[in-house]
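The residues making up each chain are set out below.
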Amino acid sequence: MQIQSILKQISNRQFKPIYLLYGEETYFIDQISKALEHTVLTDAQKGFDQSILYGKETDLATVVSVAKRYPMMSDYQLVIVKEAQHLDWKSGSAFLEKYLNDPMLSTILVFEHRYTKFEKRRKVHKLAEKIGVVLEAKKLYDNQLPGWIGSYVQTKGWTIEPQATMLISDHLGADLSKVTNEVDKLLMNVPKEKIISAIEVEANIGISKDFNVFELNNALSNKNWSRAVQIVDYFSENPRNHPITRIVGGLSTHFTKILKYHYLPDKSQASVAKNLGVHPFFVKDYVTAARNYGRPQLFRVIHALQEMDLKSKGVEVGAYTSPKDIYRDFIIDIMR
């Protein structure tokens, strides 16, 4: 089930007997678990009908025993098992399997199984899918992040420009807790009637709208070498905010998409946007970049990026001792 669908059900008090939440993206797990904490019981009821257990401190037999209790002050009792990845699932699953075959309908049992996958072949997984909610919270890919940010902002009632979502994603990365925290601060300072642009992002999140990976990609795509040098020199002077490994990652993603564009049989805007995983607004940028870089040159660029990555990690240092040298050498390589 989609996250928003699950949250809507919870908001409408359409609860399930079990919520098995697992995966690497803990932000999604927290969203659902917190929604249940805030919705199922009132603050007064929580003292009687809410139990918080921890995987390191309990076992599945105890969890089931707690789940079998009747609520005292409410129609439901809420049982949340945090850090459920530390439970002994191998030896204790039989207790939970038996419970899930005949669960207490007045109990809402939540497992927060963080950072790791849950074995789908386990009978517990199949039983939980049958009677409740099972969510595998996967990390977003880099190309999914700008769209996710746009949707998040939209659910809050604001509108944001595609360039602004790219700026946020390039700077903050895929840590959704960090992203939402910064975006929430941004929304507090921008009126709803105002469309959020790169200017608002720069003013409220502290990201430069002129010196970022997005602008570097644009400069290189247009072969604006002087602008590219200006940007990488800025990165070199601010290595903490612009680590070279992250810059290399952003450049590699961009140039790989340009290469992929060359091989697309259908180069309509909709097809390009779908296949490259970009907002339709940016398709024209890839068309321009593809005109400036043919396939042989793109292979050379990608090879130069691989060398740049090795040098930044000290694998192939040679005569280069600073990020500025590494950046400038890369630009010289792809200018040929």
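Computed from a predicted structure; not experimentally measured.

Asker: Just checking my understanding: could you explain the overall build of the chain for this structure?
Answerer: Helix and strand content of the chain: 17 helices and 5 strands. Expressed along its principal axes, the backbone C-alpha trace of the chain runs to roughly 75 × 50 × 40 Å. Burial analysis of the chain (336 residues in total) assigns 49% to the buried set. Taking the contacts inside the chain whose residues are at least 6 apart along the sequence as the reference set, 74% of them involve residues at least 24 apart. By element, 50% of the accessible surface of the chain is carried by carbon and sulfur atoms, the whole surface being about 17,300 Å². Seen as two clouds, the 44 positive and the 38 negative side-chain charges of the chain have centres 5 Å apart.

Asker: I'm lost on a nonpolar patch on the surface in this one. Help?
Answerer: A surface patch of nonpolar side chains, about 360 Å² in accessible area, is lined by Phe 48, Met 72 and Met 73. Along the chain, Met 73 falls in the loop between α4 (60-67) and β3 (77-82).

Asker: What am I meant to see in the side chain of His 254 here?
Answerer: Residue position: His 254 is located in helix α13 (residues 244-262). Reaching out from His 254, the side chain makes a polar contact with the side chain of Ser 221 at a distance of 2.6 Å. Non-local contacts of His 254, meaning those with residues more than four positions away in its chain, are made with Asn 217, Ser 221 and Tyr 286.

Asker: Explain the pairing of strand β5 (residues 133-137) here, please?
Answerer: Both faces of the sheet carry side chains from a regular strand, because those side chains alternate between them. Along β5, 4 of the 5 residues are buried, which leaves the element largely enclosed by surrounding structure. The pairing of strand β1 (residues 18-23) with β5 spans 5 bridges and is parallel. Paired with Tyr 19 across the two strands is Val 133, which belongs to β5.

Asker: How should I be thinking about helix α12 (residues 225-237) in this particular structure?
Answerer: Each α-helix winds once per 3.6 residues, and so residues spaced three or four apart point in a common direction. End to end, α12 covers 18 Å across 13 residues, agreeing with the expected 18 Å (1.5 Å per residue, within 8%). Taken together, the buried positions of α12 are Trp 225, Arg 227, Ala 228, Ile 231, Val 232, Asp 233, Phe 235 and Ser 236. Taken together, the buried residues of α12 touch α11 (213-221), α13 and α17 (323-335).

Asker: Mind showing me how you'd approach the pattern of salt bridges here?
Answerer: Should their charged atoms come close, side chains of opposite charge can pair. Counted according to the given criterion, the structure contains 14 salt bridges. With a closest N to O distance of 3.2 Å, Glu 136 and Lys 120 form a salt bridge. Placement of the pair is Glu 136 in strand β5 and Lys 120 in the loop between β4 (107-114) and α6 (123-131), with a sequence separation of 16 residues. For Lys 120, a relative accessible area of 46% corresponds to the partly exposed category. With a shortest N-O distance of 3.1 Å, Asp 309 and Lys 313 are connected by a salt bridge. Each of Asp 30, Glu 37, Lys 82, Glu 112 and Arg 114 takes part in salt bridges that share partners, so that together they form one network.

Asker: Mind showing me how you'd approach the packing of α11 against α12 here?
Answerer: Each pair of packed helices can be summarised by the angle the axes make with each other and by the distance between the axes. Where α11 meets α12, the axes come as close as 8 Å, and the angle between the chain directions of the two elements is 155°. The pairing of α11 with α12 is recorded here as roughly antiparallel in orientation. Crossing angle aside, the handedness with which α11 passes α12 is left-handed. When α11 is examined against α12, the residues Val 213, Glu 215, Leu 216, Ala 219 and Leu 220 are found in contact with a partner set consisting of Trp 225, Arg 227, Ala 228, Ile 231, Val 232 and Phe 235. Partitioning the contact of α11 with α12 into residue classes produces 9 nonpolar, no polar and 2 charged.

Asker: How should I be thinking about unusual backbone geometry in this particular structure?
Answerer: Leaving glycine out, the prevailing phi sign among residues is negative, and the prevailing peptide bond configuration is trans. Notably, Tyr 115 is not glycine yet its phi reads approximately 75°, a positive angle. Structurally, the position occupied by Tyr 115 is in the loop between β4 and α6. We classify Tyr 115 as exposed; its relative accessible area is 52%. Of note in this structure, Lys 223 is not a glycine but carries a positive phi near 55°.

Asker: Whenever I open this one, the sheet that holds β4 confuses me. Can you help?
Answerer: In space, the 5 strands of this open sheet follow the order β2-β3-β4-β1-β5, with parallel pairing throughout. Bordering the open sheet on either side are β2 (50-54) and β5, each of which pairs with just one other strand. Each adjacent strand pair in this sheet contributes to an overall mean axis angle of 10°, direction not counted. Sheet topology places β2 next to β3; 5 bridges connect them, and they run parallel. Each residue of the ladder has a partner; that of Gln 50, found in β3, is Leu 78. The strands touched by α6 within the sheet are β1 and β5, with β1 carrying the most contacts at an inclination of about 125°.

Asker: Please clarify how the environment of Gly 23 should be interpreted in this entry.
Answerer: Note on placement: Gly 23 falls in strand β1. When the C-alpha atoms of Gly 23 and Arg 114 are compared, they prove to be 5.6 Å apart, with 91 residues separating the residues in sequence. Apart from residues lying up to four places away in sequence, Gly 23 is in contact with Ile 29, His 113, Arg 114, Tyr 115, Thr 116 and Ala 137.

So, how was this worked out
Residues numbered from 1 in each chain as written. Predicted model: local features only at pLDDT ≥ 70, side-chain atom pairs only at ≥ 80, totals over all residues. Heavy atoms only, no water. Helix = DSSP H or I, 4+ residues; strand = E, 2+ residues; numbered from the N terminus. Buried < 20%, exposed > 50% of the residue type's maximum accessible area, 1.4 Å probe, protein only. Contact = heavy atoms within 4.5 Å. Areas by Shrake-Rupley, 256 points an atom, 1.4 Å probe, with all protein chains shown as cover. Lys, Arg positive; Asp, Glu negative; His and termini not counted. Charge placed at Lys NZ, Arg CZ, Asp CG, Glu CD. Patch = residues over 30% accessible without salt bridge, like charges linked within 9 Å, V, L, I, M, F, W, Y side chains within 5 Å. Salt bridge = Lys/Arg side-chain N within 4 Å of Asp/Glu carboxyl O. Polar contact = N/O pair within 3.5 Å; in protein donor to acceptor, adjacent residues only side chain to side chain. Pairing = 2+ DSSP bridges. Expected span 1.5 Å × (residues − 1). Axes fitted to C-alpha atoms, helices over the stretch in contact; angles between N-to-C directions. Parallel < 35°, antiparallel > 145°, perpendicular 65-115°, else oblique. Left-handed = near helix turned anticlockwise from the far one by under 90°. Nonpolar A, V, L, I, M, F, W, Y, C, P; charged D, E, K, R; others polar.

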